[in-house]
Amino acid sequence: MNDLIPHLKALISVPGLSGYEAPVRTLIEEAWRPLTDEISTSRLGSLHALRRGTGPDPRPSLLLAAHMDAIGLIVTGLSGEFLHITEVGGVDARVLPGQLVTIHGRQELSGVIVQPPSHLLPPNNRQGPVLLENLLIDTGLDAEELARLVRPGDLVSFAQSPIELYGDMLVGHTLDDRAGVAALTYCLSALQGRQLDWDIWFVATSQEEENFAGAITSGYQLRPSLAIAIDVTFASAPGSPAHETFPMGKGPTLGWGPNIHPSLYLAFKNLAERLEISYKTQVIPRHSGTDAYALQIAAEGVPTMVIGIPLRYMHTPVEMISSKDVVRTGRLLAEFAASLELDFLETWSWDE
Amino acid sequence: MHTTNESNQTPQVGAGQTSLLERLCNASAVSGDEHEVRQIVIQELQPYAQAIKIDSLGNVLVTREGRGTNRLRVMVAAHMDEAGFILTNDEDDGIYRFEVVGGMDVRFLLGKLVWVGRSHTPGVIGAKPVHLLTSEEKKKTITLDSLRIDLGPGNGNQSKIGERAVFATPFIHLGNSLRARALDNRLGVATLIELVKHPPDNIDLLAAFTVQEEVGTRGASIAGYSLNPDLAFVLDCTSAYDLPAWDDSENSQYNTQLGAGPAIHIAHKPSLSDPRLVRHLEQTAKVENIPYQIRQPGSVSTDTGTIHKQRSGIPSVTVSVPGRYLHSPASLCRLSDWQFTLALIHAALARLTPQVLATER
Amino acid sequence: MKQLIQKLVEIPGPSGYETQIRAAIRAEVQPLADEVYVDALGNLITRKGKLRSGQHNSGEGQRIMIAAHMDEIGLMVTHIDENGFARFTNLGGMRTRSLPGSRVRFVNGPIGVIGLERTIGTNDHPTMTQMFIDLGVTDRGSCPVRVGDVACFERQFLDMGNRLIAKAMDDRIGIYVLIETMRKINSTPHELYFVFTTQEEVGLRGAAPAAFSIDPDLGLAVDVTSTGDTPKDKKMETTLGKGPAIKIRDSKMLSDPRIVDWIVRTAEKSKLPHQFEILEGGTTDASAIQLTRAGIPSGCISIPCRYIHSPSEMVDLHDVQNAIELLTQLLSEKVILQ
């Protein structure tokens, strides 16, 4: 797949906040439809696409999940020429002052997030970062026009356009986890023309950033034999602790911990080594903070794996990622899917 | 020399002027490196001026002489520079330590795209992910010391220490407003360019596009000395803090308000405006039916801070376009405030006579 | 109508101990429903409309679950000291601030008043462990309650005309809206399940299993929400008296945008006053319904309410009436989700 960067840039140029993923879902559906046998939207808005295997019915199935929803903001009220806001997903209020945003009102409006001068803030917030509840959006419109176009509940997304840096680096908002979605697209392309024993479900999940609602319900509906969450992970960067981060451009991370089935980890480790795809092991002592957390306990339970793509400045509008890492992740997934034989699960043991 | 009738017309803010403002705002001119804006100023004024002088600090000085006798020599100054960043250390692999040039709230820096150098190479000022923050870190303002400009690994030292950087914010029209980086003071620059293109002929117009205002009004000081005018007007952009208070109580410290017209400065910390010039501006506004506001006295200086002290003293006053969120990634002003500012300053200059200075101070 | 509200709010029913309130509701709804039963967790489930085959989204009608919770916040005794004072812990989101001086009624009858250890300064914020219930007895032996007994606020219903005040408006006013809606609906293409849930205040524990067994196509909750309309209040758009609030989000759920749109369209068509709700702390049964099985598109109609979780919760009568009207409209006609 040669057009990964344009695909990823397109993915991060459309909105699709948690719970309101329609714009990005449409784009992903267009990209995936020609590459899959069956595609549909779940009741909670996840996109389910199937590459059907050729094994005898009932076949085992693998679910690959990357979440398509974005963090952002939502209008809570109007005050003259200004909007009050709160978060959708985990937003760091410290990065907001001065950010350009798009307000999805009766029409799309451009706005900037502003921090009032300290004398206009509550006494307990006159020092330090201004709390989200005290930040405002200025659209440049007068109060009357604003009230006509915006109402509480309207969504606000980051307006930072994607920028390519020197080399293979891409900067933009929502690379968490549209980079994971792009890795799935890459995987689908790589699997074109290849025969698969297993059914492979490609799932772009909804609402991960809020409460994993997409993964919880898609896992229940699709009942996969195995599930892999592809999400971003922390890349080493100025200001980030070295022991919690992984180098950019040096391959994906393979998760290890209670949220990951040890046999799956081993299978990926061996595969990566065989293919000479560089990787790092990421120890995840508790909650992986990914869709795998929900998928693992869907219905009767699912063995899960977490694959991370290192990303700098997570949950800011200037997330940075190496497109090489996205490609490596997609390739690793494709090779894993293609390598699955019908008796794969029977080869596992808990007591290795 | 370009001599057309348009010189005598009253200048107005229209599509041509806003598109010039857009070019000026998208140019980068951190104090000490005003090159990009200076080039636009020179290019714009070349057809209108006999001589364009660049002085020892980089101020652009343009004189347009009027006609008749008893002409006042009137300096009009607008600073070209803006607050921004300068790369100070190369920490390898595209990571640079930097300093702030001019006044900037460090809380604006996190998570922004910047342009580095005259090539406008994109880079980012990132932030430690919210997921990894301690609750203490969330409550504290980040220190500049812990921030870096990141041009991406493999940048191959395309940029060098000493290069300047600015927020990468595009210019945009929003309803009746304009939003851009560095409206402070490209609004003043654009206004002064219009005055030089259409100077009133009752005065000698001594235009000074100054440098290094944001680091101590340094350019204006030598420009004031060398031009040695009878009086000076400064065109700037001043803060509007006209936001709602958290408890909806009345905001009594707004400095200026958007939509209320040009702001006439009466007093800042380092200078008091000449009352005769303040009166002259107010009378002009009333006669010409131009809305105006008095900027709330106090706070920071403009170029008048150093101009008024040159040689044996220069009567001076500042007129500003009110703007919100100055020295941040995106400032915002009303188009009408700019239109009225240009109208007011032009009319005030056209009505100037030596009599104005002859009255009691 | 106010009589029924008064009856509903004055019955004690802390989370997990909904027997009395369930009996009262059952008496009201029995004649209004085609089927009434109580499930394993004590949810009172009532069906109105014809049973449909198991298929989702088949034909005109849908299977819709409408939930309001019967339980209210309360207290549970943890220890009786030798002088007969009862120490306690909370059941649900009790606010310590509301407690000192309040009277509480145990579900088995006794009434007590909450006292505070005297080591607490006037400006201190006491914790629940520094409080006790005084039941008017002098020793452990004569104390009429024992460890594990539960109580809730004892407070009379207050009728101020348009504004009504009571303990447990959260969510007896939702119960009232469901009952009156059942009464008003003449015919429906849907298979409607009005579910009076248990244990909402301790973590939405009743609604999730009820939703699993009903397996509806759509889910709605009717509950109270905070407002931002009192002096120096939190910034919140919702206002008492401006109509039922259509939930956009709360701290655990993003309402399904298609459901929000459906409710808005219906309210606009019927010219019913309505407003939006973005709640930053708290959630409702709808968030549990939404995540059931393969997911159930869900939303919530909220009754604006001041002083939630205090002994004096205030609602506006018009908001209640408009909520009933809105819900009746929603459930009487074909649902079009766009």
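For the structure, check the block above.
A. View of the pairing of strand 12 (residues 191-197) of chain C. Residues and elements named next belong to chain C. For strand 12, the tally of buried residues reaches seven of seven residues, placing the bulk of the element in the interior. Neither face of strand 12 is left uncovered, since the one carrying Glu191, Tyr193, Val195 and Thr197 and the one carrying Leu192, Phe194 and Phe196 both have all their residues buried. Bridge count between strand 2 (residues 44-48) and strand 12: five bridges; the pairing is antiparallel. For arginine 47, the partnering residue across the bridge sits in strand 12 and is tyrosine 193.

B. Expanded view of the sheet that holds strand 7 (residues 121-125) of chain B. Residues and elements named next belong to chain B. Read around the barrel, six strands follow the order 4-5-8-7-6-9 and close on themselves; strand pairing throughout is antiparallel. By the bridge criterion, five bridges tie strand 6 (residues 112-116) to strand 7 in an arrangement that is antiparallel. Within strand 7, the residue paired with tryptophan 115 across the bridge is proline 122.

C. Seen up close, the pattern of salt bridges. Under the definition given, this model contains 55 salt bridges over all chains. For glutamate 28 of chain C, the salt bridge goes to lysine 7 of chain C, with nearest N and O atoms at 3.7 Å. Pair noted here: glutamate 28 of chain C is in helix 2 (residues 19-29) and lysine 7 of chain C is in helix 1 (residues 2-10), with a separation of 21 residues, a long-range link. Within the structure, one salt-bridge network assembled from shared partners comprises Glu81 and Asp138 of chain A together with Asp242, Arg324 and Arg334 of chain B.

D. Structural detail: the interface of chain A and chain B. Opposite the 55 residues of chain A that make contact, chain B presents 58 residues. Here chain A and chain B share an interface that buries about 4600 Å² over both sides, 63% of which is from carbon and sulfur atoms. Considering only the surface of chain A that becomes buried against chain B, Arg94, Leu120 and Tyr166 of chain A emerge as the three largest contributors, covering 16% of it. With a closest N to O distance of 2.9 Å, glutamate 81 of chain A and arginine 334 of chain B form a salt bridge. If you list the elements that add at least two residues to the side of chain A that touches chain B, you get strand 7 (108-114), strand 8 (136-138), strand 10 (163-164) and strand 11 (169-172) of chain A.

E. Fine view of the sheet that holds strand 16 (residues 316-323) of chain B. Residues and elements named next belong to chain B. Spatially, eight strands are ordered 1-2-12-3-13-16-14-15 in an open sheet, and the strand pairing comes out mixed. The sheet is open, and its two edges are formed by strand 1 (52-54) and strand 15 (293-294), each paired on a single side. Note that strand 14 (residues 263-264) and strand 15 share two bridges and pair parallel. Pairing of alanine 263 across the sheet is with glutamine 293, part of strand 15. Sheet strands touched by helix 4 (residues 183-197): strand 2 (60-64), strand 3 (72-79), strand 12 (203-210), strand 13 (231-239) and strand 16. Its angle to strand 13, the strand with the most contacts, is close to 145°. The strands that helix 8 (residues 335-350) touches are strand 3, strand 12, strand 13, strand 14 and strand 16; relative to strand 16, the one it contacts most, it runs at about 165°.

What counts as what
- Throughout this document, residue positions are counted from 1 along each chain, in the order its sequence is written.
- Chains and ligands are labelled by the order in which they are written, letters from A for the one and numbers from 1 for the other.
- A pLDDT threshold of at least 70 governs which residues receive local features in this predicted model, and a stricter bar of 80 or more applies before side-chain atom pairs are shown or counted, although totals over entire chains, interfaces and linings include all residues.
- Only hydrogens and water are set aside when side-chain values are computed; all heavy atoms of the structure are taken into account.
- Relative accessibility decides the category of a residue: with a 1.4 Å probe and only protein chains considered, values under 20% of the type maximum give buried, values over 50% give exposed, and everything between is partly exposed.
- The helix count covers DSSP runs of H or I at least four residues long, the strand count covers runs of E at least two residues long, and both are numbered beginning at the N terminus.
- In short, DSSP must find at least two bridges between two strands for them to pair.
- Each salt bridge in this description consists of a side-chain nitrogen of Lys or Arg and a carboxyl oxygen of Asp or Glu lying within 4 Å of one another.
- Here, residues are in contact when the closest pair of their heavy atoms is within 4.5 Å.
- Accessible area, probed at 1.4 Å, shrinks when two parts are joined; the buried area is that loss added up over both.
- Axis geometry follows a simple rule: fit a line to the C-alpha atoms, using only the stretch in contact for helices, then measure angles between N-to-C directions, giving values from 0 to 180 degrees.

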